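Residues per chain are reported as follows:
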Amino acid sequence: MSHNEDTYEVAIIGAGPIGLELAVCLRRTGVRYIHFDARQIGYTLTWWPRNTSFFSTTERLAIAGVPIPNNHQQRITGEEYLAYLRAVVEQFDLPLHTYEPVAEIAPAGEGFALTTRPLADERRYLARRVVLAIGDMEYPHRLNIPGEDLPHVSHYFRDPHDYFRRRLLIVGGKNSAAEAALRCWRAGAEVTISYRRPQFDAGRVKHWILPDLLAQIEAGTIRFLPATVPVEIAPGHVVLAPADGDGPLIRHETDFVLLNTGFRGDQRLLEMAGVELRGDNRAPAFDPATMETNVPGLFVAGTAAAGVQQRYRLFIENCHEHAGKIAQAITGRWPEALGNAAGRNYELPFEQIQAN
Ligand SMILES: Cc1cc2nc3c(=O)[nH]c(=O)nc-3n(C[C@H](O)[C@H](O)[C@H](O)COP(=O)(O)OP(=O)(O)OC[C@H]3O[C@@H](n4cnc5c(N)ncnc54)[C@H](O)[C@@H]3O)c2cc1C
């Protein structure tokens, strides 16, 4: 193990949009910090389906007051946003330790000791304060059914092209499933959707996507198997059961299976540090004025602050001010520029998150 015995003022863990926004705030005020990401910056966006547009409008995604240029005044894609994040890093020359996952956190002196595991190495760092900006999408929600790990089954939708002129069963009924179904059908796939509920819910599918999907189902171009759940996956077919358990099994022939069943964060660092995780959502306990958790000196930022949220209560656009609150707690001043969505008086639906 290599040791870095310097004590940093702050360690930021996670270089998604909000970790990077905080990094710019600290850089601007000259705070000595160190910043890690387990993979590359913006990693969560790198596995989005190719050419997926944000549902957030562009001005709400801008970080640290740096505008996002575009020539179409429409929503931008994940790829465009990654290019923007790279430009922000270049503009402020942000120091980054990418591909260096933080594996352990422990109290040390007046702060914390972090153990990182880049490739075959192990390193140790000291920091007075730690910010966990680790997101909430580390793992797919597994169904834990036989066949889930077969090669024609995936939790990640990569590209509609993969399914051209092939049969695809999509499992799920929220926005990502609906969007995947439409994109794959338009790319020439034969698409069926299995959803555990009897119908799609306007609260779970974007208002501009739902009518398109319902029109295709009505026209018979996309097939819908309502109130069904997969119970077994085999090469060439999936066995579906009625969601209420009442009725015969269905054998559905398919070439590929896309499990759009959502994602959840990895909370091991929070647990290790002794952060209280509350309710079904396992939301970390924190002071909404500063984002400091019940562990003094340990902060949460970005979507990680909502716990294992299922319905995206926190997005980029309502997390900008996490960077502001943490920067203020550390430097004593509100940063000179943040994302422009909410304004500094915006308050998180904190009690609601914690109550869930
Ligand atoms: C298809 C799709 C569409 C979406 N559309 C939108 C949208 O329109 N608007 C919106 O706001 N959000 C959208 N989201 C969600 C969006 O991805 C998140 O809101 C955003 O990424 C959260 O930013 P963050 O900085 O909080 O966390 P993340 O971007 O998730 O960043 C967390 C980072 O932490 C790193 N990390 C995790 N653990 C460790 C560790 N132990 N050590 C070091 N690094 C670690 C990860 O590698 C990652 O880079 C969408 C998501 C998907 C999948």
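Residues numbered from 1 in each chain as written. Predicted model: local features only at pLDDT ≥ 70, side-chain atom pairs only at ≥ 80, totals over all residues. Heavy atoms only, no water.

(A) The arrangement of the overall build of the protein in detail. Of the regular secondary structure elements, the protein holds eight helices and 18 strands. For a compact globule of 356 residues, the expected C-alpha radius of gyration is about 21 Å, and the protein comes in at 22 Å, within 12% of that figure. Seen along its three principal axes, the alpha-carbon backbone of the protein occupies a region of about 60 × 45 × 40 Å. Residue burial in the protein is summarised as follows: out of 356 residues, 50% are buried. Sequence separation of 24 or more characterises 62% of the internal contacts of the protein that already satisfy a separation of 6 or more. With an accessible surface of roughly 16600 Å², the protein has 49% of that area assigned to carbon and sulfur atoms. (Helix = DSSP H or I, 4+ residues; strand = E, 2+ residues; numbered from the N terminus. Rg over C-alpha atoms; globule rule 2.2 N^0.38 Å. Buried < 20%, exposed > 50% of the residue type's maximum accessible area, 1.4 Å probe, protein only. Contact = heavy atoms within 4.5 Å. Areas by Shrake-Rupley, 256 points an atom, 1.4 Å probe, with all protein chains shown as cover.)

(B) Local environment of the packing of aromatic side chains. Under the defined criterion, the tally for this structure stands at 11 aromatic pairs. Between Trp47 and Tyr156, the aromatic rings sit 5.2 Å apart at their centres with planes inclined by 85°, giving edge-to-face as the arrangement. One end of the pair, Trp47, is in the loop between helix 2 (43–46) and helix 3 (78–92); the other, Tyr156, is in the loop between strand 7 (153–154) and strand 8 (167–171), and 109 residues separate them in sequence. Tyr156 sits in the partly exposed class, given a relative accessible area of 30%. Ring plane angle 70° and centroid distance 5.4 Å describe the contact between Tyr163 and Phe256, whose orientation is recorded as edge-to-face. (Phe/Tyr/Trp six-rings, centres within 6.5 Å; stacked < 30°, edge-to-face > 60°.)

(C) Summary view of the site of the ligand. The full set close to the ligand counts 28 residues, and Asp37, Thr44, Phe55, Ser56 and Ile316 are the nearest of them. Between Phe55 and the ligand, the recorded distance is 2.7 Å, taken from a backbone N or O atom to an oxygen atom. Note that a nitrogen atom of the ligand is positioned 2.7 Å from one of the side-chain N or O atoms of Ser56. Bound to the protein, the ligand loses 92% of the 990 Å² it would expose on its own. Counting only elements with at least two residues in the shell around the ligand, the list comes to helix 1 (17–28) and helix 2. The residue inventory of the shell around the ligand, partitioned by class, reads 18 nonpolar, seven polar and three charged. (Near = heavy atom within 4 Å. Polar contact = N/O pair within 3.5 Å; in protein donor to acceptor, adjacent residues only side chain to side chain. Nonpolar A, V, L, I, M, F, W, Y, C, P; charged D, E, K, R; others polar.)

(D) Representation of empty space enclosed by the protein in the model. On inspection of all chains with the given rule, the structure shows one cavity of 30 Å³ or more. Quantified by volume, the largest cavity comes out at close to 40 Å³. Along the walls of the largest cavity sit Ile134, Gly135, Asp136, Gly265, Asp266, Gln267, Leu270, Ala304, Gly307 and Val308, which together make up its complete lining. A class-by-class count of the residues in the lining of the largest cavity yields four nonpolar, four polar and two charged. (1 Å grid on protein atoms, 1.4 Å probe; cavity = no way out; pocket = protein on both sides within 12 Å on 5 of 7 lines; lining within 4 Å. Points joined across faces, edges and corners; volume = space filled by probe spheres on them.)

(E) Examining the domain arrangement of the protein more closely. Entries for the protein in the domain assignment read domain 1 (2–139 + 263–355) and domain 2 (142–259). Taking only C-alpha atoms, the centre of domain 1 and the centre of domain 2 are 33 Å apart. Where domain 1 touches domain 2, the interface holds one salt bridge. Arg50 is paired through a salt bridge with Asp159; the nearest N and O atoms lie 2.9 Å apart. Our count for the contact surface shared by domain 1 and domain 2 stands at four residue pairs in polar contact (both at pLDDT 80 or more). Class assignment of the residues belonging to the side of domain 1 that touches domain 2 gives a composition of five nonpolar, three polar and four charged. (Domains from an automatic or database assignment. Salt bridge = Lys/Arg side-chain N within 4 Å of Asp/Glu carboxyl O.)

(F) How the structure looks around the packing of helix 4 (residues 175–186) against helix 5 (residues 210–219). Interhelical geometry of helix 4 versus helix 5 gives an angle of 55° and a closest axis separation of 10 Å. The orientation of helix 4 with respect to helix 5, classified from their angle, is oblique. Of the two possible hands of crossing, helix 4 and helix 5 adopt the one that is left-handed. Contact residues: Ala178, Ala181, Leu182, Trp185 and Arg186 in helix 4; Asp212, Leu213 and Gln216 in helix 5. Along the lines of polarity and charge, the residues of the contact of helix 4 with helix 5 split into five nonpolar, one polar and two charged. (Axes fitted to C-alpha atoms, helices over the stretch in contact; angles between N-to-C directions. Parallel < 35°, antiparallel > 145°, perpendicular 65-115°, else oblique. Left-handed = near helix turned anticlockwise from the far one by under 90°.)

(G) Molecular detail of the pattern of salt bridges. Enumeration according to the criterion identifies 23 salt bridges in this entry. Glu9 is the salt-bridge partner of Arg129, the closest N and O atoms lying 2.8 Å from each other. Here Arg129 is found in strand 5 (residues 123–132), whereas its partner Glu9 is found in strand 1 (residues 2–13), with 120 residues between them in sequence. Overall, Arg129 belongs to the partly exposed group, its relative accessible area being 22%. Given a relative accessible area of 25%, Glu9 falls into the partly exposed group. Between Arg278 and Glu276 there is a salt bridge; the shortest N-O distance is 3.0 Å. A residue is classified by how much of its surface remains accessible, and Arg278, at 32% relative accessible area, is partly exposed. When its relative accessible area of 37% is taken as the criterion, Glu276 is described as partly exposed. One salt-bridge network, held together by shared partners, links Glu9, Arg128 and Arg129.

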